[in-house]
Amino acid sequence: MDTIPIPDMLPTAVARPRRLVEAVASQSLREQGTGSRTARAWRWMLTGQGLSPISEAPGTGRPPDLDGIAAEARHVTDPDECAWPPWRYNFDPDPDRQQARRVLRWLTGAADAIPLLDPGRGRYVGARFHFARSDEEIRTVRGWARHGLREHGDLPDDLPLWQAERPWQWPATWMNAAWLRGAIAYSNWVLGDQDTAPLSSLRKPLDPVGTLAAPDPPYAPAELIGLRGVGHGVTNIEDEMMAYLAGVTMQGHEGQPAAEPTRYPPPQWGEGVEQAHDWVTGEDLKPPADHHGCGGYHPCPGQRRCSCEAAGYCLRGQCPACVDRACNAAWMAIGESP
């Protein structure tokens, strides 16, 4: 890349391999131009030269440290325009400045969302669509969620309608099961294992090859870009999230419509879909289920310094997090779960 020389030894704050940085930076400059704030972000981050991309402070000639990068990424130029965190739901209305923030967060590993407008940008990391996770990673986490249903409990088969209409009065086990079910449904859909979308239940097949090779339309409308803050994407995925997510997740909340179990899945299901989507696209580093199979409504024993993941199997009583429960006892069988 001629305009921004990438040093042989990347700065210590950069968490990405050099070859990937070169590829993404080159495409980023083609999209945004060499005079953009995004170009400044690459230059400032990698060399310490020029103005910083958001606050426009003069560079010191040395690459910034992690604290300086984090402060720059969340710098607010106009409090009325941009609220914390500026790169997600309260997005920066300046598209170039938004991408500059994303470059900083991606390079440091604070987020995995690839800072490009390319609708097929997942290919840079071996993923499909505009995703930051490979199919193998998605299947692994889906296996963890399935394990969680077996280990921690599933939704009842014969849930009466009156209970289905009161999802916020459910026991935590049911809420957690609904969350995991939503994450599994999203994973099945984006992997091409089911044709129905996870929120609308409408038939929206995502061909694993065709949708990536020729997105239709090739660029998402501006309102979708603004809502998700991820640049151009595959429209049928982002449209599902935009059109149905709020309607599902807000059911039954104070001041919101009552739950409609005959029309929508439970709100906790929608939350699981949302977490799965944010993780798959790289907006969130936390997967919708962890290696214990714990979802959003199950206190995870892994928070007590679980050492099983490093060992590759559940240590049971030898691990402080697994004294009274198994995590993934048959660790290697996760990917083979039905």
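Anything mentioned here points back to the structure above.
Residues numbered from 1 in each chain as written. Predicted model: local features only at pLDDT ≥ 70, side-chain atom pairs only at ≥ 80, totals over all residues. Heavy atoms only, no water.

(A) A look at the overall build of the chain. Counting its regular elements, the chain contains twelve helices and zero strands. Secondary structure elements of the chain, listed N to C terminal, follow the sequence α-α-α-α-α-α-α-α-α-α-α-α. Expressed as a percentage of its 338 residues, the buried residues of the chain come to 51%. In the chain, of all internal contacts separated by at least 6 residues, the share reaching a separation of at least 24 is 56%. For the chain, the accessible area works out to roughly 15700 Å², and carbon and sulfur atoms hold 52% of it. (Helix = DSSP H or I, 4+ residues; strand = E, 2+ residues; numbered from the N terminus. Buried < 20%, exposed > 50% of the residue type's maximum accessible area, 1.4 Å probe, protein only. Contact = heavy atoms within 4.5 Å. Areas by Shrake-Rupley, 256 points an atom, 1.4 Å probe, with all protein chains shown as cover.)

(B) Representation of the packing of helix 1 (residues 18-32) against helix 4 (residues 95-108). Helix 4 packs onto helix 1 with a crossing angle of 175° between their chain directions and a minimal axis gap of 12 Å. Classed by the angle they form, the pair helix 1 and helix 4 counts as roughly antiparallel. Contacts between helix 1 and helix 4 pair L20, V21, V24 and Q32 from the former with D96, Q99, W106 and L107 from the latter. Looking at the contact of helix 1 with helix 4 residue by residue, the class counts come to five nonpolar, two polar and one charged. (Axes fitted to C-alpha atoms, helices over the stretch in contact; angles between N-to-C directions. Parallel < 35°, antiparallel > 145°, perpendicular 65-115°, else oblique. Nonpolar A, V, L, I, M, F, W, Y, C, P; charged D, E, K, R; others polar.)

(C) Here's a closer look at the nonpolar core. Counting 36 residues, the largest nonpolar core has F131, I138, Y186, W189, V190 and I237 as the members making the most contacts within it. For this core, the elements supplying multiple residues, two or more each, are helix 5 (135-152), helix 7 (172-190), helix 10 (235-249) and helix 11 (267-280). The leading source of residues in this core is helix 7, at twelve residues. When near neighbours in sequence (up to four residues on either side) are disregarded, V190 contacts R128, F129, F131, I138 and L206. (Core = buried A, V, L, I, M, F, W, Y, C linked by side-chain atoms within 4.5 Å.)

(D) Structural view of the side chain of S200. Assignment of secondary structure puts S200 in the loop between helix 7 and helix 8 (210-213). Apart from residues lying up to four places away in sequence, S200 is in contact with E240 and Y244.

(E) Region of interest: the packing of aromatic side chains. In the structure shown here, the tally under the stated rule is five aromatic pairs. Seen from their ring centres, F129 and F131 are 5.1 Å apart, and the 85° between their planes marks the pair as edge-to-face. On the basis of relative accessibility, which here comes to 0%, the residue F129 falls in the buried class. With 6.4 Å between their ring centres and 70° between their planes, Y186 and W189 make a pair best called edge-to-face. Of this pair, Y186 and W189 both sit in helix 7, three residues apart, which is roughly one turn of that helix. When its relative accessible area of 0% is taken as the criterion, Y186 is described as buried. Relative accessible area serves as the criterion here: at 0%, W189 is assigned to the buried category. (Phe/Tyr/Trp six-rings, centres within 6.5 Å; stacked < 30°, edge-to-face > 60°.)

(F) Here's a closer look at the packing of helix 1 against helix 2 (residues 37-47). Put simply, helix 1 and helix 2 touch, their axes get as near as 9 Å, and they point 150° apart. Our classification of the angle between helix 1 and helix 2 gives roughly antiparallel. On the side of helix 1, the interface is formed by V21, V24, A25, S28, L29 and Q32, while helix 2 contributes T38, A39, W42 and L46. Among the residues making up the contact of helix 1 with helix 2, the classes are represented as seven nonpolar, three polar and no charged.

(G) Fine view of helix 3 (residues 66-73). Buried residues of helix 3: I69, E72 and A73, and no others. Mapping the buried residues of helix 3 onto a view down its axis gives an arc of 100°, with all of them on the same face. Buried-residue contacts for helix 3 involve helix 2 and helix 4. (Arc of directions from axis to C-beta.)

(H) Seen up close, the environment of E238. Locating E238 in the fold gives a position in helix 10. Placed 39 residues apart in sequence, E238 and H277 show a C-alpha to C-alpha distance of 9.4 Å.

(I) Structural view of unusual backbone geometry. One non-glycine residue with positive phi stands out, namely F129, at about 50°. Looking at the secondary structure, you find F129 in the loop between helix 4 and helix 5. At S201, a residue that is not glycine, the phi angle is positive and equals roughly 60°. The topology assignment puts S201 in the loop between helix 7 and helix 8.

(J) Structural view of the side chain of T108. The topology assignment puts T108 in helix 4. Separated by 3.2 Å, the side chain of T108 and the backbone oxygen of R105 make a polar contact. When sequence neighbours within four positions are dropped, the list of residues in contact with T108 reads A13, A15, M45, L66 and I69. (Polar contact = N/O pair within 3.5 Å; in protein donor to acceptor, adjacent residues only side chain to side chain.)

Worth remembering: the numbers are spatial, not functional.
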